[in-house]
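# Structural description and commentary
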Amino acid sequence: MNLLIQSRNDFNDGYNQFGEDSQRIDALGKSFPILFFLIAILVSFTTMQRMVEEKRIEMGTLRALGYTKGEVMREVLLYSAGTAVLGTVFGSGLGLVLLPKVIFQAYAANFDFTQVQLAWHPWLIVLSLVIALASTALAAWLAARAALKEITAQLMLPKPPSSGSRIFLERIGFIWHHLSFSKKVTARNLFRYKSRMFMTIVGIAGATAILITGFGIRDSLNGIIDHQFKEIVHYDAIAVYNNKATDTQVKRVTDFITNDPHVKKDATAAFSQVYTTNGNTKENIQVLVPKNTATLKNYIELQDSKTNAKLSLNSQGAIISEKLAKTHHVQKGDYLTVHLADGTTRRVKIKAITKMYVGHYLYMNASYYQQVFHQAPSYNAQLITLTSHGQAQVNQFAADFSRLNASVQVVQAAESKRTVTKILSNLNNLVIVIILSASLLSFVVLYTLTNVNVSERMRELSTLKVLGFYPKEVLMYIYRETNILTGVGIATGLAAGWGFHAYIMSVLPPENTMTAPGVTWANLLISIILTILFSLIVMFMMNRKIQSVDMLEALKSVD
């Protein structure tokens with residue numbers, strides 16, 4: 001008597017799949033928050049420092065009235081800390097209630113759960129609060145501490161602008177001498193405010209990268225359907241029967257398929273299942289052995305995963321699906337160990353790797369099957385192509401076939417398509433959340449940093465107006481810098497988004513699903529256009545602020 005010992009992962013596919021999905025959510029939860037937090041920290045740090053600079057004269061006045069440095073500092077810290085606390089409370093509500101429901105719906109599409117069980121994570125809230133305080137209260141404390149070191153009389157005056165310096169571009173004479181005055185000023189100003197330049201580039205690059213990732217996820221997931229069920233799989237169903245039933249029952253199966261007017265063509269094959277283990281997870285593999293290898297191309301298109309060359313079966317090895325090869329890190333010429341239902345193992349040599357976006361598959365001819373499994377293939381299935389690919393006709397065929405005594409199951413290509421479509425439609429909800437968050441983040445970054453740029457340089461803008469600069473020239477004095485930084489940020493974000501998308505798509509899809517290439521030119525173009533659109537909206541909003549500057553008030557504010 002042989003005993004087979006299995007864990008829950010081995011005999012319960014649902015438990016196994018849910019565990020795998022949980023690991024993907026965990027990986028996803030460690031990726032996006034880091035990028036969002038990084039950008040949020042940069043924006044918050046800049047905003048808090050600017051707030052302290054705006055309160056500079058007020059702080060000096062309080063010191064002149066006899067308030068201690070601690071009392072003045074308390075006002076600054078109360079405001080910044082209050083902002084961090086309110087933001088953490090609001091963000092915790094979204095992150096612990098709303099977003100988990102959206103993500104859970106995406107991943108629980110194939111499971112039967114009555115409702116999601118939400119859990120509170122106090123240490124995550126505390127960690128978020130600490131990061132929020134570090135980017136607001138700490139930034140405000142550092143800026144206020146530096147300001148309060150100055151003497152009170154100096155503190156009651158506006159902070160003098162940063163001094164300019166000779167930049168590298170000036171040393172390249174044939175370029176520098178051909179620049180206009182305004183462009184030379186722009187070049188100097190960019191390097192004059194290095195911290196703001198860095199934060200603007202990083203903020204826009206991060207937001208652009210998230211936009212590219214969001215749109216790329218959508219395109220990669222939606223491309224699975226067309227690639228799998230239009231380019232690769234051409235059959236409508238695999239009718240599996242018990243070939244060890246009585247001769248009469250088996251003949252009824254073959255007669256039914258032969259005489260069914262809705263069956264356009266069919267091919268005999270051996271259909272079975274093995275599995276592999278990858279760590280603590282179990283992965284089911286469908287084994288397909290066609291009786292006539294020449295006719296397989298009419299039902300399944302086997303293409304090399306790298307060259308797209310047509311593949312054919314022979315006795316030198318098996319053809320395996322691409323995702324199976326990636327999961328087990330095997331290549332052409334390697335061996336893959338598979339397990340039979342009774343727990344025994346077999347080693348399969350990989351002759352080639354074929355494109356396959358849904359499911360794990362092993363394709364081999366009868367001769368190689370006998371070499372591996374030490375027995376001839378048991379032909380127990382028919383690959384079926386119907387005259388119509390509509391769901392009604394496929395369901396009718398499946399129902400009629402299931403009434404036969406020898407029938408075992410009908411594997412419908414449309415059913416697999418529906419399952420994948422359901423998962424992808426729910427994942428699209430997650431993608432929408434990512435895209436909206438990235439769009440909002442991009443707009444906030446551009447607005448905050450442009451507003452800081454304008455607010456810090458009111459006296460410069462007023463001076464330009466007094467000197468007779470036209471309104472358009474005054475606007476371009478600010479916008480030219482914004483456009484350059486936005487362009488550099490977008491270019492940096494394109495590269496970052498490409499890499500980030502590749503990483504996300506390696507952990508996001510189910511274990512038996514491979515995504516299609518998603519970073520298309522359309523994807524990049526949409527992300528660029530959205531970022532530029534947000535920049536134009538911010539410019540429009542800042543236009544009124546710049547045009548409404550009171551030249552005399554701004555220039556005499558020092559008095």
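Computed from a prediction, not measured in an experiment: that's the story for all the values here.

What counts, and at which threshold
- Residues numbered from 1 in each chain as written.
- Predicted model: local features only at pLDDT ≥ 70, side-chain atom pairs only at ≥ 80, totals over all residues.
- Heavy atoms only, no water.
- Phe/Tyr/Trp six-rings, centres within 6.5 Å; stacked < 30°, edge-to-face > 60°.
- Helix = DSSP H or I, 4+ residues; strand = E, 2+ residues; numbered from the N terminus.
- Buried < 20%, exposed > 50% of the residue type's maximum accessible area, 1.4 Å probe, protein only.
- Core = buried A, V, L, I, M, F, W, Y, C linked by side-chain atoms within 4.5 Å.
- Contact = heavy atoms within 4.5 Å.
- Salt bridge = Lys/Arg side-chain N within 4 Å of Asp/Glu carboxyl O.
- Axes fitted to C-alpha atoms, helices over the stretch in contact; angles between N-to-C directions.
- Left-handed = near helix turned anticlockwise from the far one by under 90°.
- Pairing = 2+ DSSP bridges.

## Overview of the packing of aromatic side chains
Under the defined criterion, the tally for this structure stands at 7 aromatic pairs. Note on Tyr369 and Phe373: the rings are 4.6 Å apart at their centroids and 35 degrees apart in plane angle, and the pair reads as tilted. Taken as a pair, Tyr369 and Phe373 lie in helix 14 (residues 366-373) at a separation of 4 residues, close to a single helical turn. Each member of the pair Tyr369 and Phe373 is classed as buried. For the ring pair Phe443 and Phe534, a centre distance of 6.4 Å and an interplane angle of 80 degrees mean the geometry is edge-to-face.

## A closer look at the nonpolar core
In globular proteins that are soluble, nonpolar side chains generally tend to be buried together. By size, the foremost hydrophobic cluster in this structure holds 71 residues, and its most contacted members are Ile217, Tyr235, Ile300 and Tyr363. Not counting the four nearest positions on each side in its chain, Tyr363 is found in contact with Leu288, Ile300, Leu302, Leu313, Ala318, Ile319, Thr354 and Met356.

## Some thoughts on the environment of Gln393
With respect to the helices, strands and loops of the structure, Gln393 is situated in helix 15 (residues 391-402). Each C-alpha atom of the pair Gln393 and His262 lies 7.9 Å from the other, and the pair is 131 residues apart in sequence. With residues near it in sequence (within four places) discarded, Gln393 still touches His262, Leu386, Thr387 and Ser388.

## Details of helix 17 (residues 458-466)
An α-helix turns once every 3.6 residues. As a result, residues three or four positions apart point the same way. Regarding helix 17, the residues found buried are Glu460, Leu461, Ser462, Leu464 and Lys465. Phi turns positive, to about 100 degrees, at Gly468, one or two residues after helix 17.

## Concerning the pattern of salt bridges
Enumeration according to the criterion identifies 7 salt bridges in this entry. Residue Glu150 pairs with Arg56 through a salt bridge whose shortest N-O separation is 2.6 Å. Taken together, the residues Glu150 in the loop between helix 7 (137-148) and helix 8 (152-155) and Arg56 in helix 4 (residues 56-64) connect sequence positions 94 residues apart. On the basis of relative accessible area, Glu150 is assigned to the partly exposed category, the value being 31%. Look at Arg56 and you get buried, because its relative accessible area is 6%. Among the ionic pairs, Lys251 bridges to Asp255, the shortest N-O distance being 2.8 Å. With Lys251 and Asp255 both in helix 12 (residues 247-259), this residue pair falls 4 residues apart, about one helical turn. Under the relative-accessibility criterion, Asp255 is labelled partly exposed at 30%. The network of salt bridges with shared partners includes Lys55, Glu58 and Glu75.

## Remarks on unusual backbone geometry
Of note in this structure, Asn308 is not a glycine but carries a positive phi near 65 degrees. Residue position: Asn308 is located in the loop between strand 3 (281-290) and strand 4 (318-321). Overall, the relative accessible area of 41% leaves Asn308 in the partly exposed class. In this structure, His374 takes a positive phi of about 60 degrees despite not being glycine. Within the element layout of this structure, His374 appears in the loop between helix 14 and strand 8 (381-386). Its relative accessible area of 60% is what places His374 among the exposed residues.

## Looking at the packing of helix 3 (residues 32-54) against helix 7
Where helix 3 meets helix 7, the closest approach of the two axes is 8 Å, and the angle between their N-to-C directions is 35 degrees. The handedness of the crossing between helix 3 and helix 7 comes out as right-handed. For the pair helix 3 and helix 7, contact is made by Phe45, Met48, Gln49, Met51 and Val52 and by Ala139, Ala140, Leu142, Ala143 and Ala144, respectively.

## Topic: the pairing of strand 6 (residues 345-354)
Two elements, strand 4 and strand 6, share 4 bridges in a ladder whose sense is parallel. Its bridge partner being in strand 6, Ala318 is matched across the sheet by Ile350. As paired strands, strand 5 (residues 335-339) and strand 6 are joined by 5 bridges and run antiparallel to one another. Of the residues in strand 6, the one forming a bridge with Leu336 is Val348. Hairpin connection, strand 5 to strand 6: the antiparallel pair is bridged by 5 residues, and Gly343 has positive phi, about 95 degrees.

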